[in-house]
Amino acid sequence: MRWRIRENVKRLTPYSPGKPIEEVRREFGLTRIAKLASNENPLGPSPKAVEALKAAAGDVHRYPDMAAAELKEAISRRFDLPPTQIVLGNGSDEIIHNLSQVFLAPGCSVVTGRPSFIQYAAAAHLAGAELIEVDLDAGARHDLSAMLKAAGENTRIVWIANPNNPTGTIVEREPLERFIQALPEGAVTVLDEAYYEFAAHEPNYPNSIDLIRSGYPVVGLRTFSKSYGLAGLRVGYGFMPPEIADAIDSVREPFNVNRPAQAAAVAALDDEEHLQRTLKHNDRALRRITGLLQRFGAATTESYANFVWADFGFDTQPLFDALLRRGVIIRTGAIFGRPTSVRISAGTDEDLDLLEEAFEDAMKEAAAI
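Digging into the environment of His97
Then, in step 1: Position of His97 relative to the elements: it lies in helix H5 (residues 92-103).
Then, in step 2: Once the C-alpha coordinates of His97 and Leu126 are considered, the two residues, 29 residues apart in sequence, prove to be 8.9 Å apart.

Printed below as a string of structure tokens:
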């Protein structure tokens, strides 16, 4: 039988995650493994979140609150924005998907940077919309001038990951505001702020909430997966005008954020001590990784996230393989269309010890291939 699968679905490529620790352990028989590929919080979740998870475990036979009222209220108090302007998702990936359902159709276009988070392209393809990817500038930042030229009357969404994944770079407030003001009417700018907490200290870093309050056509996306250490629970949230929030509520899956995840997210949001400990550790880890990569000749970007992006000028697949055999899991840039680059996440001190121990021999092995 010939299945009549939509052509735009056939163009999709399944998401390729970083190698799991368990797979590397089985494949190579290793006991020391450092997973530095998925931008997770190396310190783990807040102890308060763990306790909330335990307390919620006894109620998993019941459906969660579909409105997630307690979590929305907690986010509302934290960021001083009404619950009517907040949406929740099974990770911010789901909100990306929902936004594409709300805004995109064949004949529409989306504009995004290249390389950037690959789910933006997937959302465009799934909706049958035109995908316009604009290369980053020489500093590995979104080229707002070129993106503005690429946008047209049929552009419905402009995706800007800020900080950008995989480069860790940011666009600053004033040029971003000028860019938004100059976009064609009807285009919404989605600021994906998954790494917001790591960049918030930067004076010129724009905050999506401020832009929304000022009346700009902006959506901001954030997550509990990174600085809050809840990647395994999948909780994303977004800020937006009420009309867009209502539209997303109409298309989202019911009960999309499970009961334990809601409880853990409320508790995590209340643990400022754990968040500050995470940010301090991240600063140290990024300096350590950057120094190591630069010693071996890589060109690194200034990262405002929890990972370092580096270009070696050669195909990094052999380096990836050599590190993997030594128990270190990183990301090559190949998935982002940049095979000469790598992305290395902040890890624990022990993870980075292993990275440093393995790196020189891995470089020599890669060079010999």
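Some remarks on the pairing of strand S8 (residues 236-239)
Then, in step 1: Taking every second residue as pointing to the same face, both faces of S8 are buried, with Gly236 and Gly238 on one and Tyr237 and Phe239 on the other.
Then, in step 2: Sheet topology places strand S2 (residues 86-89) next to S8; four bridges connect them, and they run antiparallel. Bridging from a neighbouring strand, Gly89 pairs with Gly236 of S8.
Then, in step 3: Both strand S7 (residues 218-223) and S8 contribute to a ladder of four bridges, which runs antiparallel. Counterpart to Gly220 in the pairing with S8 is Phe239.

Considerations on the sheet that holds strand S13 (residues 341-345)
Then, in step 1: What the four strands build is an open sheet, ordered S9-S10-S13-S12; its pairing is antiparallel. Of all the strands in the sheet, the pair left with one neighbour each is strand S9 (299-300) and strand S12 (331-332).
Then, in step 2: Bridge count for S12 against S13 is two bridges, and the pairing is antiparallel. Each bridged residue has a counterpart across the sheet, and for Arg331 the counterpart in S13 is Arg343.
Then, in step 3: Helix-sheet contacts for helix H13 (residues 272-295) involve S9, strand S10 (307-311) and S13, and the interaxial angle to S10 is about 15 degrees.

Topic: the sheet that holds S2
Then, in step 1: Taken together, the seven strands give an open sheet; going across it, the order is S2-S8-S7-S6-S5-S3-S4, and neighbouring strands pair in mixed fashion. The open sheet terminates on both sides in strands that have one partner only, identified here as S2 and strand S4 (130-135). Averaged over all pairs of adjacent strands, the angle between their axes in this sheet comes to 20 degrees, without regard to strand direction.

Some remarks on the side chain of Asn165
Then, in step 1: In this fold, Asn165 is placed in the loop between strand S5 (155-161) and helix H8 (173-182).
Then, in step 2: Only 2.8 Å separates the side chain of Asn165 from the side chain of Arg343, close enough to count as a polar contact.
Then, in step 3: Each residue touching Asn165, except ones within four places of it in the same chain, is listed here: Asn39, Pro115, Ser116, Phe117, Tyr195, Phe307, Phe336 and Arg343.

Considering a nonpolar patch on the surface
Then, in step 1: A contiguous nonpolar surface patch, about 340 Å² in accessible area, is contributed by Tyr63, Met66 and Phe255.
Then, in step 2: The topology assignment puts Phe255 in the loop between helix H11 (242-251) and helix H12 (259-269).
Then, in step 3: On the basis of relative accessibility, which here comes to 37%, the residue Phe255 falls in the partly exposed class.

Side note on unusual backbone geometry
Then, in step 1: Omega for the bond connecting Arg114 with Pro115 falls within 30 degrees of zero, at 0 degrees, which places this linkage in the cis form.
Then, in step 2: Within the secondary structure layout, Pro115 lies in the loop between strand S3 (109-114) and helix H6 (119-127).
Then, in step 3: In this model, Asn162 is joined to Pro163 through a cis peptide bond whose omega is 5 degrees.
Then, in step 4: Tracing the backbone through its elements, the reader meets Pro163 in the loop between S5 and H8.
Then, in step 5: Backbone geometry places Asn39, a non-glycine residue, at a positive phi of 55 degrees.
Then, in step 6: Along the chain, Asn39 turns up in the loop between strand S1 (34-35) and helix H3 (47-56).
Then, in step 7: In the Ramachandran plot, Arg234 falls in the positive-phi region, its phi being about 60 degrees despite a non-glycine side chain.
Then, in step 8: Take Arg234: it is sitting in the loop between S7 and S8.
Then, in step 9: Taking the relative accessible area as the measure of exposure, Arg234 reaches 28% and is therefore partly exposed.

Calculation rules
- Residues numbered from 1 in each chain as written.
- Predicted model: local features only at pLDDT ≥ 70, side-chain atom pairs only at ≥ 80, totals over all residues.
- Heavy atoms only, no water.
- Helix = DSSP H or I, 4+ residues; strand = E, 2+ residues; numbered from the N terminus.
- Buried < 20%, exposed > 50% of the residue type's maximum accessible area, 1.4 Å probe, protein only.
- Pairing = 2+ DSSP bridges.
- Contact = heavy atoms within 4.5 Å.
- Axes fitted to C-alpha atoms, helices over the stretch in contact; angles between N-to-C directions.
- Polar contact = N/O pair within 3.5 Å; in protein donor to acceptor, adjacent residues only side chain to side chain.
- Patch = residues over 30% accessible without salt bridge, like charges linked within 9 Å, V, L, I, M, F, W, Y side chains within 5 Å.
- Areas by Shrake-Rupley, 256 points an atom, 1.4 Å probe, with all protein chains shown as cover.
- Salt bridge = Lys/Arg side-chain N within 4 Å of Asp/Glu carboxyl O.

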